[in-house]
Amino acid sequence: MNKPWMAIALFGTLAGTLISTDLQASTEQDFSHDPLAQRCIKMLDIYAAEDFDAYVAEFPEPWLSIFGEKTLRKQLADRHGNYIETYQDKPTSITIRSIESAKVAQIEKERLGASEAREVEIDMNNELGGGHLTACKYLRIGDS
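Residues numbered from 1 in each chain as written. Predicted model: local features only at pLDDT ≥ 70, side-chain atom pairs only at ≥ 80, totals over all residues. Heavy atoms only, no water.

(A) How the structure looks around the overall build of the protein. Along its length, the protein carries five helices and four strands. Traced from its N-terminal end to its C-terminal end, the protein shows the element sequence β-α-α-α-α-β-α-β-β. Looking at the 144 residues of the protein, the share that counts as buried comes to 42%. Within the protein, counting contacts between residues at least 6 apart in sequence, those at least 24 apart form 73% of the total. In the structure as shown, the protein presents an accessible area of about 7800 Å², 48% of it carried by carbon and sulfur atoms. (Helix = DSSP H or I, 4+ residues; strand = E, 2+ residues; numbered from the N terminus. Buried < 20%, exposed > 50% of the residue type's maximum accessible area, 1.4 Å probe, protein only. Contact = heavy atoms within 4.5 Å. Areas by Shrake-Rupley, 256 points an atom, 1.4 Å probe, with all protein chains shown as cover.)

Below, the structure written as structure tokens:
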């Protein structure tokens, strides 16, 4: 893959079901046009569709070989199920709270050649007032 920033994890309790790309993310500081924020929101659509191929495409090349298809399929199914339970069709609101530098783990450096990390923090709420704070972590792989 030629994407310089590769998704490596979506933390928190979430999975996915039909989240419209028309859903606008709101925030005090406007991160809505930031490419990493857009990719994080896109992950919600991937969870919504439970699209394994799209899910794997968001990770660095060796990710599938490191963790295996069975593990990644289970992760996607778990996130999908958790999301359905909390949000049914889609969250009523998504707020991008921040985009900040994050620590690159030693294993990310060694196995993936990661040189930098950024984290997109989002807050999602359902119509009952419940919700979750979660984050997408992205790694810069190599010099790109």
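(B) Local environment of helix H1 (residues 35-49). The first and last C-alpha atoms of H1 sit 21 Å apart over 15 residues, in line with the 21 Å expected at 1.5 Å per residue. Counting buried residues along H1, 11 of its 15 residues qualify, which places the element largely inside the surrounding structure. Buried within H1 are the following residues: Leu36, Ala37, Arg39, Cys40, Ile41, Met43, Leu44, Asp45, Ile46, Tyr47 and Ala48. Sitting at the amino-terminal end of H1 is Asp34, which places a side-chain oxygen 2.8 Å from the backbone nitrogen of Leu36. Phi turns positive one or two residues past the end of H1, at Glu50, with a value near 50 degrees. (Expected span 1.5 Å × (residues − 1). Polar contact = N/O pair within 3.5 Å; in protein donor to acceptor, adjacent residues only side chain to side chain.)

(C) Looking closely at helix H4 (residues 69-87). Taking 1.5 Å of rise per residue, the 19 residues of H4 would be expected to cover 27 Å, and the 26 Å separating its terminal C-alpha atoms lies within 8% of that figure. Among all positions in H4, only Leu72, Leu76, Arg79, His80, Tyr83, Thr86 and Tyr87 are buried. Buried positions in H4, seen along its axis, are confined to an arc of 140 degrees and lie on one side of it. Facing away from the buried surface of H4 by more than 90 degrees, the exposed residues are Lys70, Lys74 and Glu85. At the exit of H4 stands Gln88, carrying a positive phi of roughly 50 degrees. (Arc of directions from axis to C-beta.)

(D) Up close: the state of the cysteines. Tallying each qualifying case throughout the model produces one disulfide. Residue pairing for Cys40: its cysteine sulfur links by disulfide to Cys136, the two sulfurs lying 2.0 Å apart. Taking the sign of the torsion about the S-S bond as the criterion, the disulfide between Cys40 and Cys136, at about 75 degrees, is right-handed. Here Cys40 is found in helix H1, whereas its partner Cys136 is found in strand E4 (residues 131-141), with 96 residues between them in sequence. For the pair formed by Cys40 and Cys136, the shared burial category is buried. (Disulfide = S-S within 2.5 Å.)

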